[in-house]
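What follows is each chain in one-letter form.
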Amino acid sequence: MGKDVIIACDFDSAEKTFAFLDKFTGRKPFVKIGMELYYAEGPSIVREIKKRGHKIFLDLKLHDIPNTVKKSMAVLSRLDVDMTNLHAAGTIRMMEGALEGLTRPDGTRPLLIAVTQLTSTDQESMENDLLIKEPIADVVMHYAHNAKVAGLDGVVCSPLEAGKVHERCGEKFLTVTPGVRFADGDIGDQKRVMTPAEAKRIGSDYIVVGRPITAAEDPVAAYERCVAEFVD
Ligand code: C5P
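About the cut-offs
- Sequence positions are assigned chain by chain, starting from 1 and proceeding in written order.
- Local features in this predicted model are restricted to residues whose pLDDT is 70 or higher, and side-chain atom pairs enter the listing and the counts only when it is 80 or higher, whereas totals over whole chains, interfaces and linings include all residues.
- Side-chain measures were taken over the full set of non-hydrogen atoms in the model, leaving aside hydrogen atoms and water.
- Each cavity reported here is a set of points on a 1 Å grid over the protein atoms alone in which a 1.4 Å probe fits but cannot get out, each pocket an open set with protein on both sides within 12 Å along at least five of seven lines, and each lining residue one with an atom within 4 Å of a point.
- Grid points are joined across faces, edges and corners, and a volume is the space filled by probe spheres set on the points.
- For helices the rule is a DSSP run of H or I covering at least 4 residues; for strands it is a run of E covering at least 2, with both sets numbered from the N terminus onward.
- We call Asp, Glu, Lys and Arg charged. Ala, Val, Leu, Ile, Met, Phe, Trp, Tyr, Cys and Pro are nonpolar, and the rest, Gly among them, are polar.
- Burial classification: accessible surface area is computed with a 1.4 Å probe over protein chains only, and a residue below 20% of its type maximum counts as buried, one above 50% as exposed, and the rest as partly exposed.
- Throughout, the term near means that a residue has one or more heavy atoms lying within 4 Å of the molecule or strand in question.
- Two N or O atoms form a polar contact when they lie within 3.5 Å of each other; inside protein one atom must be a possible hydrogen donor and the other a possible acceptor, and for residues adjacent in sequence the pair counts only when both atoms belong to side chains.
- Each accessible area value is a Shrake-Rupley result obtained with a 1.4 Å probe; residue values ignore everything except the protein chains displayed when judging cover.
- The rule for placing a molecule in a cavity or pocket is simple: more than half of its atoms must lie within 2 Å of the grid points.

## A word on the layout of surface pockets
For the largest pocket, the calculated volume is near 1200 Å³. Lining the largest pocket are 41 residues, with Leu118, Thr119, Ser120, Pro178 and Gln190 positioned closest to its centre. Contributions of two or more residues to the lining of the largest pocket are made by strand E2 (30-34), helix H2 (35-41), strand E3 (56-62), helix H7 (136-150), helix H8 (159-169), strand E8 (206-209) and helix H10 (211-214). Of the residues belonging to the lining of the largest pocket, the class tally is 16 nonpolar, 13 polar and twelve charged.

Given below as structure tokens:
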């Protein structure tokens with residue numbers, strides 16, 4: 001899979017999601033289904049969006065003991081998603097278990113991406129709450145390296161970290177980056193943002209874009225603008 005724009009469908013019902021997706025008559029955008037929508041509608045929402053012809057990033061960020069994650073990933077792989085994820089903090093063994101569980105009997109599997117440190121975690125909360133005293137940038141790179149060692153395909157990271165992740169883990173190691181905003185748009189609650197064009201320049205493989213598209217007056221035009229800046 002090449003560079004692509006993934007729309008974060010952060011809706012709380014199938015109805016709202018389909019009303020949104022119905023606006024796209026020409027293209028079938030790559031769609032991210034996160035916890036909100038998945039917990040509201042269950043696996044049927046994944047099957048229905050897949051049936052409509054969209055690629056799917058199932059963003060459930062698994063984190064549990066290796067055996068539980070392995071077995072849960074085996075169930076998720078049957079949903080035929082294209083990409084899914086977990087927390088690198090679950091250890092290399094957990095990530096290896098996940099990869100094993102995700103691999104279908106025919107050897108195929110969805111892409112598996114690790115979350116390093118959430119962008120909502122800062123140095124202070126990491127030190128005080130998690131008792132991790134290293135610089136956060138080093139922790140992010142270490143977790144990315146662990147994901148690579150475990151055999152994963154890449155990480156979710158801020159677009160600002162994408163270049164460094166590629167330097168440390170190789171050009172083929174995927175960087176999936178949220179925190180994207182248009183130069184003339186609202187940044188909302190995202191703190192470290194980048195435009196789609198900048199994300200392209202810095203080497204992101206996939207950008208995850210939510211509100212700049214879902215809350216736009218013309219979501220299709222906003223999506224096309226992302227594609228024009230990032231892919232074309
Ligand atoms: O609306 P917005 O463009 O900010 O949406 C970004 C999406 O990426 C949301 O679904 C959010 O949960 C997700 N995300 C993020 N930062 C991370 C990981 C995921 O914004 N570190």
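## A few points about unusual backbone geometry
Even without being glycine, Lys61 reaches a positive phi, approximately 45 degrees. Structurally, Lys61 is set in strand E3. Within the chain, Leu131 stands out as a residue other than glycine whose phi angle is a positive 55 degrees. With respect to the helices and strands, Leu131 occurs in the loop between helix H6 (123-130) and H7. Classification of Leu131 as exposed rests on a relative accessible area of 63%.

## A few points about the site of the ligand
Close to the ligand lie Ala8, Asp10, Lys32, Thr119, Pro178, Arg181, Gln190, Val208, Val209, Gly210, Arg211 and Pro212. At a separation of 2.7 Å, an oxygen atom of the ligand approaches a polar side-chain atom of Asp10. Here Lys32 contributes a side-chain N or O atom positioned 2.9 Å from an oxygen atom of the ligand. Taken by itself the ligand offers 470 Å² of open surface, and the protein chains cover 83% of this. Placement of the ligand is best described as lying within the largest pocket. Along the lines of polarity and charge, the residues of the shell around the ligand split into five nonpolar, three polar and four charged.

## Thoughts on the environment of Thr25
Relative to the helices and strands, Thr25 is located in the loop between helix H1 (14-21) and E2. Assessed through its relative accessible area of 75%, Thr25 is described here as exposed. Remark: the alpha-carbon pair of Thr25 and Pro105, spanning 80 residues in sequence, is separated by 35 Å.

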